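Examining the three-dimensional arrangement
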Amino acid sequence: MRVIGLMSGTSYDAVEAAAADLVLRGDVLVMRPLGHLSVPYPGELRELIEGFLPPSETTARAVAVLDTGIGRAFADVAVRALRELCGGEADLVVSHGQTVYHWVEDGTVRGTLQLGQPAWIAEATGLPVVSDLRSRDVAAGGQGAPLVAMTDALALAALPGTPAALNLGGIANLTVVAPGAAPLAFDTGPANALMDAAVRHFTGGALGYDEDGRRAGAGRTDPALLRELLNDPYYRRPAPKSTGKELFHLPYLLQALDAAPVPEPDDVLATLARLTAVTVADACRAHGVTSLAVSGGGAHNPVLMGMLAEELPGVPLEASDALGLPSDAKEALAFALLGFLTVHGLPGAIPSGTGAHRAALLGSITPGRSPLRLPEPAAGPPRLLRVTGEPVW
Ligand SMILES: Nc1ncnc2c1ncn2[C@@H]1O[C@H](COP(=O)(O)OP(=O)(O)OP(=O)(O)O)[C@@H](O)[C@H]1O
Ligand SMILES: CC(=O)N[C@H]1[C@@H]2OC[C@@H](O2)[C@@H](O)[C@@H]1O[C@H](C)C(=O)O
């Protein structure tokens, strides 16, 4: 089955698309990635999203405008992916949409909302669309995140020791596969969310992120600010757990800076990079991680990666590309894989990761132009992911 995965993460900078051919052979899921695209959101749409996200208040009209705007932006990217990555032939689109609110209370996820009306994607491509992949896991008592855990766990399954996969987006998430144990997965805390908020604040909105970690690299960690930030109870909470920009936003940082003032912006950035490195390293140590496959935008920040290596001596770090999953496409590929599982009647969530009381079938399906025809349900779930550059059928 040829599947297009679409994703925009908590940094809400671009729509990521990845296509793959997928086939289940016994308990091996074989994936042939066909390439990926990263298409920046149109400027006005990005500004609308920015003005809409917490801690802003919003209106029902704004929800409708964004649901349509994001759905249309995803549809444009799906059409391009179909043409440019798939030679015009695909069977399914899987759309994560844009998370606008992840509703967490006392560690319990009560709801989660991703916008990007799938009807636009189905109408533009003619293909069936799997969307809203998180809600069913939440309804089954789970966090609804992290969902890349399925792909990570299948990709890490054959590796020795206790391998883990780390994604450094706005928020950092970790999947740990210890021998003989069910996979664990959780958000460790902010990856780039606070750094991006700080750069935007210090540059009056002129810059969106600390390119190549230059500012963090020029600054020094401030121990008092780091202590203040590490005081957040989120880090001490046991897994399963998930978080988002509802917590880690600019007012949160400004409050920490009130308690522990730091006059030099570059020192703030150095401290925030250190916060990410320390919280990821603590999480890795707590679960005995012996190797780490890193993906997401933060993998492009050499200062952050250097700090992470310092905090985790003896743990080899490599890009997820070594597992066959290109670092910038991993999340979009992971959602393509989840949609494939859904249409084959297989659960996409891992209860030991999300905390759900059962492994639920994820998503809602919007029919394409033809009557909806689902494949025969698969005989059993995959245990291993094999990524190949060769044709799979
Ligand atoms: N060259 C670079 N130098 C420093 N940071 C970078 C670089 N490239 C990307 N980043 C960081 O990566 C972020 C985007 O990462 P990514 O696209 O993986 O996040 P996301 O998918 O939106 O988030 P999430 O995974 O939390 O949903 C940028 O906002 C920036 O902070
Ligand atoms: C609610 C939501 O959108 N969560 C995202 C977010 O961004 C990173 C982290 O927090 C992760 O838990 C999740 O996304 C990834 C793709 C996931 O579900 O695995």
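Worth saying up front: this structure is predicted, and the values here are computed from it rather than measured.

Definitions and limits used
- Residues numbered from 1 in each chain as written.
- Chains lettered and ligands numbered in written order.
- Predicted model: local features only at pLDDT ≥ 70, side-chain atom pairs only at ≥ 80, totals over all residues.
- Heavy atoms only, no water.
- UniProt positions renumbered as here; feature names shortened; annotations may be inferred.
- Helix = DSSP H or I, 4+ residues; strand = E, 2+ residues; numbered from the N terminus.
- Contact = heavy atoms within 4.5 Å.
- Buried < 20%, exposed > 50% of the residue type's maximum accessible area, 1.4 Å probe, protein only.
- Polar contact = N/O pair within 3.5 Å; in protein donor to acceptor, adjacent residues only side chain to side chain.
- Pairing = 2+ DSSP bridges.
- Axes fitted to C-alpha atoms, helices over the stretch in contact; angles between N-to-C directions.
- Expected span 1.5 Å × (residues − 1).
- Parallel < 35°, antiparallel > 145°, perpendicular 65-115°, else oblique.
- Left-handed = near helix turned anticlockwise from the far one by under 90°.
- Nonpolar A, V, L, I, M, F, W, Y, C, P; charged D, E, K, R; others polar.
- Near = heavy atom within 4 Å.
- Areas by Shrake-Rupley, 256 points an atom, 1.4 Å probe, with all protein chains shown as cover.

Looking now at the UniProt feature "binding site: ATP" (unreviewed entry) in the protein. Under the feature "binding site: ATP" (unreviewed entry), the UniProt entry names Gly 9, Thr 10, Ser 11, Tyr 12, Asp 13, Ala 14, Val 15 and Glu 16. Checked against the element boundaries, Ser 11 lands in the loop between β1 (2-8) and β2 (14-25). Setting aside residues no more than four positions away along its own chain, Ser 11 makes contact with Arg 46, Gly 169, Gly 170, Asp 196 and Lys 245. For Glu 16, the location among the structural elements is in strand β2. In this structure Glu 16 touches Gly 5, Leu 6, Met 7, Leu 37, Ser 38, Asp 328 and Ala 332, once residues within four positions along its chain are discounted.

Locating Asp 21 in the fold gives a position in strand β2. According to the relative accessible area criterion, Asp 21 is buried, its value standing at 2%. The sequence separation of Asp 21 and Val 343 amounts to 322 residues, and the corresponding C-alpha distance is 14 Å. Apart from the residues within four sequence positions on either side, Asp 21 is in contact with Met 1, Arg 2, Val 30, Met 31, Arg 32, Leu 34, Val 392 and Trp 393. A distance of 2.7 Å separates polar atoms of two side chains, one belonging to Asp 21 and the other to Arg 2.

Another aspect to go through is the sheet that holds strand β11 (residues 317-319). The five strands are arranged β9-β8-β7-β10-β11 in an open sheet whose pairing can be described as mixed. Both outer strands of the open sheet, β9 (184-190) and β11, are each paired with one neighbouring strand and no more. Taking each pair of neighbouring strands and ignoring which way they run, the sheet shows an average axis angle of 25°. Bridge analysis of strand β7 (residues 163-168) against strand β8 (residues 171-176) gives five bridges, and the strand direction is antiparallel. Bridge pairing links Ala 165 to Thr 175 in β8. Its contacts with the sheet place helix α10 (residues 265-286) against β7, β8, β9 and β10 (291-295), and it is angled at close to 160° to β9.

As defined by bridge partners, strand β4 (residues 92-105) adjoins strand β5 (residues 108-115) across seven bridges and the pair is classed as antiparallel. Bridge pairing links Thr 99 to Gln 114 in β5. What sits between β4 and β5 in their antiparallel hairpin is a turn of two residues, with Asp 106 showing a positive phi close to 50°.

A few words now on the environment of His 201. Following the sequence through the fold, His 201 ends up in helix α6 (residues 193-202). For His 201, a relative accessible area of 38% corresponds to the partly exposed category. Each C-alpha atom of the pair His 201 and Ile 350 lies 38 Å from the other, and the pair is 149 residues apart in sequence. Once you skip the residues sitting within four places of it in the chain, His 201 turns out to touch Leu 250 and Leu 254.

Further remarks concern α10. Here α10 contains 22 residues, and its C-alpha end-to-end distance of 32 Å stays within 8% of the 32 Å for a straight helix at 1.5 Å per residue. Immediately downstream of α10, the backbone of Gly 288 shows phi near 65°, a positive value.

Viewed as axis vectors pointing N to C, helix α1 (residues 43-52) and helix α2 (residues 60-84) meet at an angle of 140°, and their least axial separation amounts to 11 Å. As far as their axial angle goes, α2 and α1 are oblique. When you trace α1 past α2, the crossing you get is left-handed. Residue-level inspection shows Leu 45, Leu 48, Ile 49 and Phe 52 of α1 in contact with α2, the latter providing Ala 62, Val 63, Val 65, Leu 66, Gly 69, Ile 70 and Ala 73. When grouped by side-chain class, the residues that make up the contact of α1 with α2 number 10 nonpolar, one polar and no charged.

The next thing to look at is the site of ligand 2. Around ligand 2 sit 17 residues in total, of which Thr 99, Arg 134, Leu 147, Val 148 and Asp 187 are the nearest. Thr 99 has a polar side-chain atom sitting 2.5 Å from an oxygen atom of ligand 2. In the model, an oxygen atom of ligand 2 is placed 2.7 Å from a nitrogen or oxygen of the Arg 134 side chain. Burial of ligand 2 by the protein amounts to 97% of the accessible area it has alone, namely 430 Å². Within the residue set of the shell around ligand 2, elements represented by two or more residues are β4, β8 and α12 (330-343). Counting residues per element, the shell around ligand 2 draws most heavily on β4, which supplies three residues.

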